[in-house]
Structures are given as C-alpha cells and as structure tokens.
Amino acid sequence: MSSHADSKPWTVPALAEAKRNGQKLVMLTAYDAGFARTFDANGVDLILVGDSLGMVVQGHDSTLPVTVDDIAYHTAAVAKVLQRALLVADLPFGADATPERAFEASLRFLQAGAEMVKIEGAGFKLDIIRYLVEREIPVCSHLGLTPQSVLRLGGYRVQGRGDAARQLRDDAAAVVQAGASMIVLECLPTPLAALVTAEVPVPTIGIGAGAQCDGQVLVMHDMLGLDSGHRRPKFVKDFLAEGGSVAGATRAFADAVRAGTFPDAEHAYAS
Ligand code: KIV
C-alpha cells in the first residue's frame, strides 16, 4: 500500500488519495505556534484551529462567543510554523449564516494561512458549502454533535441514534454532493460512523465516532490530559501519561490512530 510520504506537505487532493489507499489521518487542534510546531514535527497530518478555543483557551462554557477575529489571529500564529500538516480553520458561530459572511470569513482565514475551512451542519449550510467550493475554498463538513447547536440540543450528547441515523447518512451524502472534501464525525455510535465512512468518497475524521473512521481528531488539551473544567467525554484519552512529553504524547496518539488501536471500545459509543 502506498502512503503519503512523511516529508511531503499535505494537499487537499492527497486527502482523498489517502482514503483510497487506506492511510489513516491524524488530526489535532492547535491554537499557537509552539504546540503546532511540535505536532507538525511528530506525525500530525492535519491541524485544526477549532472554535473549541472558546472553551479551552478563553474559558467560556461553549464555543458560541468565538469570533472571526479570534480564529484569524490563532490561524496566523499556527500557519507560520507548519511544514507538513494541512491547516483547517473553523468558521465560528454565525460566520456561516449567509454565503457572503462565510466567504468574507473564509477569505480572512485563507489569507492567514489556512487551506480549508470547517462548517458545522447540513440543511441550509449545503448552499454555503457549495458557494465556498465554487469560489475555490476547500471545505470540511462537521456532522453529528455540532457544538454550535448546543442551545437547540440542550447539551452535548451522542447523536445519530434510532431514526436520526438515516438523516445523518443523508446529510453526509449531501455535504459531499455540495463539494466538501472531508467530514468530521463527532459523537456517533461506532456502527453508524463506520457506515458513513464506507458510503462517502472523502475522508471521515472521527471524534467519539469509533476507530473505523478514516482518521481521528482530538482537542489538544484532551490529548494532553489537561483538566478543561468541563465533564470529560468518554472518547477522551490522555496520551501524555504514556508519551512522557508533549512530543512523545503526539507520537503515541499518531501511532495509535495509524495502528487502529485508538479509539478502543472504552473510548467509543457502541450504540
Ligand atoms: O472546534 C473544534 O476543536 C472541533 C473539533 C472538536 C473537531 O470542532
């Protein structure tokens, strides 16, 4: 099986090729140059400047207060040091409410060094995805538990159970049809995420969605076992405990994702 070389920078087309080759993708969030440099040098393929920064960096209770300025600032810091990893920037709450707003925000992120933007949800967001892709902005979709929906959902819990599974599969097909190059699947039963992964031609990146996704992402603070001040989700694992240093933890996480040993049953939702 051929695989993307360790020394070669990732590109958007190389992600689909990795899926075809069965190569697992390793993704972490990062918000500053110091951590991003370490992750990039220790086997991480994709870095996400996530709106999780609202909770783990700014100390809010949700991601809702995060602004376009916040994401642009952290994206610029991370972009300066990346040699190999592909940089994804999150469209924060409200920034993707209209195609024009989404384009303006995405443009700022690409000018800051991002190579892809991430959008939560399907529904009316399909038009936004299409609008951006038609304007040469690569898009990562985010389905399942979408933290920007916390007010409607009333909390953070597993999605896609029962009848909702059909809708999730339809949404995954629709975001691909709209032009998404990758899909983050958050907090889904393992069998559903495996089914979606088999059904779509683009890589799926799981977080609380089982080991059969094409790759895995964790918020860096969770991967390093830091107390976020919030309830620790089941899928979170402290890799610093086994890695012994930030670089060692990063390598332990990357190795476990590539070996398919993370997440194991203890860190996933069987149903
Ligand atoms: O904002 C973020 O960090 C994310 C990941 C949890 C996927 O969306």
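Residues numbered from 1 in each chain as written. Predicted model: local features only at pLDDT ≥ 70, side-chain atom pairs only at ≥ 80, totals over all residues. Heavy atoms only, no water.

*Asks:* Can you lay out the sheet that holds strand 8 (residues 215-218) for me, pointing to particular residues and giving the numbers?
*Replies:* One closed barrel accounts for 8 strands, arranged 1-2-3-4-5-6-7-8; its pairing is parallel. If you compare each strand with its neighbour and ignore which way they point, the axes differ by 25° on average. Sheet topology note: the strand 2 (residues 46-49)/strand 3 (residues 86-90) ladder contains 4 bridges and is parallel. Its bridge partner being in strand 3, Ile-47 is matched across the sheet by Leu-87. (Pairing = 2+ DSSP bridges. Helix = DSSP H or I, 4+ residues; strand = E, 2+ residues; numbered from the N terminus. Axes fitted to C-alpha atoms, helices over the stretch in contact; angles between N-to-C directions.)

*Asks:* Could you give an account of the environment of Ala-211, naming the residues involved and the relevant values?
*Replies:* When you line up the elements, Ala-211 lands in the loop between strand 7 (204-207) and strand 8. On the accessibility criterion, Ala-211 (21% relative accessible area) is partly exposed. Each C-alpha atom of the pair Ala-211 and Ala-194 lies 8.2 Å from the other, and the pair is 17 residues apart in sequence. Apart from residues no more than four positions distant in its own chain, Ala-211 is found in contact with Lys-24, Gln-216, Gly-260 and Pro-263. (Buried < 20%, exposed > 50% of the residue type's maximum accessible area, 1.4 Å probe, protein only. Contact = heavy atoms within 4.5 Å.)

*Asks:* Help me get a handle on the site of the ligand, residues and values and all.
*Replies:* Around the ligand, the neighbouring residues are Thr-29, Leu-48, Gly-50, Asp-51, Ser-52, Asp-90, Lys-118, His-142, Val-184, Ile-207 and Val-219. One nitrogen or oxygen atom from the side chain of Asp-90 is found 3.1 Å from an oxygen atom belonging to the ligand. A distance of 2.8 Å is found between an oxygen atom of the ligand and a side-chain nitrogen or oxygen belonging to Lys-118. Protein contact buries 95% of the 260 Å² of open area that the ligand shows by itself. (Near = heavy atom within 4 Å. Polar contact = N/O pair within 3.5 Å; in protein donor to acceptor, adjacent residues only side chain to side chain. Areas by Shrake-Rupley, 256 points an atom, 1.4 Å probe, with all protein chains shown as cover.)

*Asks:* Quick rundown of helix 8 (residues 164-178)? Include the residues and the values.
*Replies:* For helix 8, built from 15 residues, the straight-helix expectation of 21 Å at 1.5 Å per residue is met to within 8% by its first-to-last C-alpha distance of 21 Å. Those residues of helix 8 that fall on the buried side of the exposure criterion are Ala-165, Leu-168, Asp-171, Ala-172, Val-175, Val-176 and Ala-178. Seen end-on, helix 8 carries its buried residues on one side only, within an arc spanning 160°. Buried residues in helix 8 make contact with helix 6 (125-134), strand 5 (139-144), strand 6 (182-186) and helix 9 (190-199). Positive backbone phi, approximately 120°, marks Gly-179, located one or two places after helix 8. (Expected span 1.5 Å × (residues − 1). Arc of directions from axis to C-beta.)

*Asks:* Let's hear about the packing of aromatic side chains: which residues, and what values?
*Replies:* Here the structure, examined in full by the defined rule, presents 4 aromatic pairs. Geometrically, the ring pair formed by Phe-239 and Phe-253 is edge-to-face, given 5.4 Å between the ring centres and 70° between the ring planes. Here the residue Phe-239 occupies a position in the loop between helix 10 (220-223) and helix 11 (240-243), and Phe-253 occupies one in helix 12 (residues 246-259), the gap between them amounting to 14 residues. Assigned by exposure class, Phe-239 and Phe-253 land together as buried. Both rings, one in Phe-253 and one in Phe-262, keep their centres 6.0 Å apart while their planes meet at 65°; by these two values the pair is edge-to-face. (Phe/Tyr/Trp six-rings, centres within 6.5 Å; stacked < 30°, edge-to-face > 60°.)

*Asks:* So what's going on with the pattern of salt bridges? Which residues, and what values?
*Replies:* Here the structure, examined in full by the defined rule, presents 11 salt bridges. For Asp-96, the salt bridge identified is with Lys-125, shortest N-O distance 3.2 Å. Placement of the pair is Asp-96 in the loop between strand 3 and helix 5 (99-111) and Lys-125 in helix 6, with a sequence separation of 29 residues. Residues joined by salt bridges that share partners form a network here, namely Asp-45, Arg-84 and Arg-258. (Salt bridge = Lys/Arg side-chain N within 4 Å of Asp/Glu carboxyl O.)

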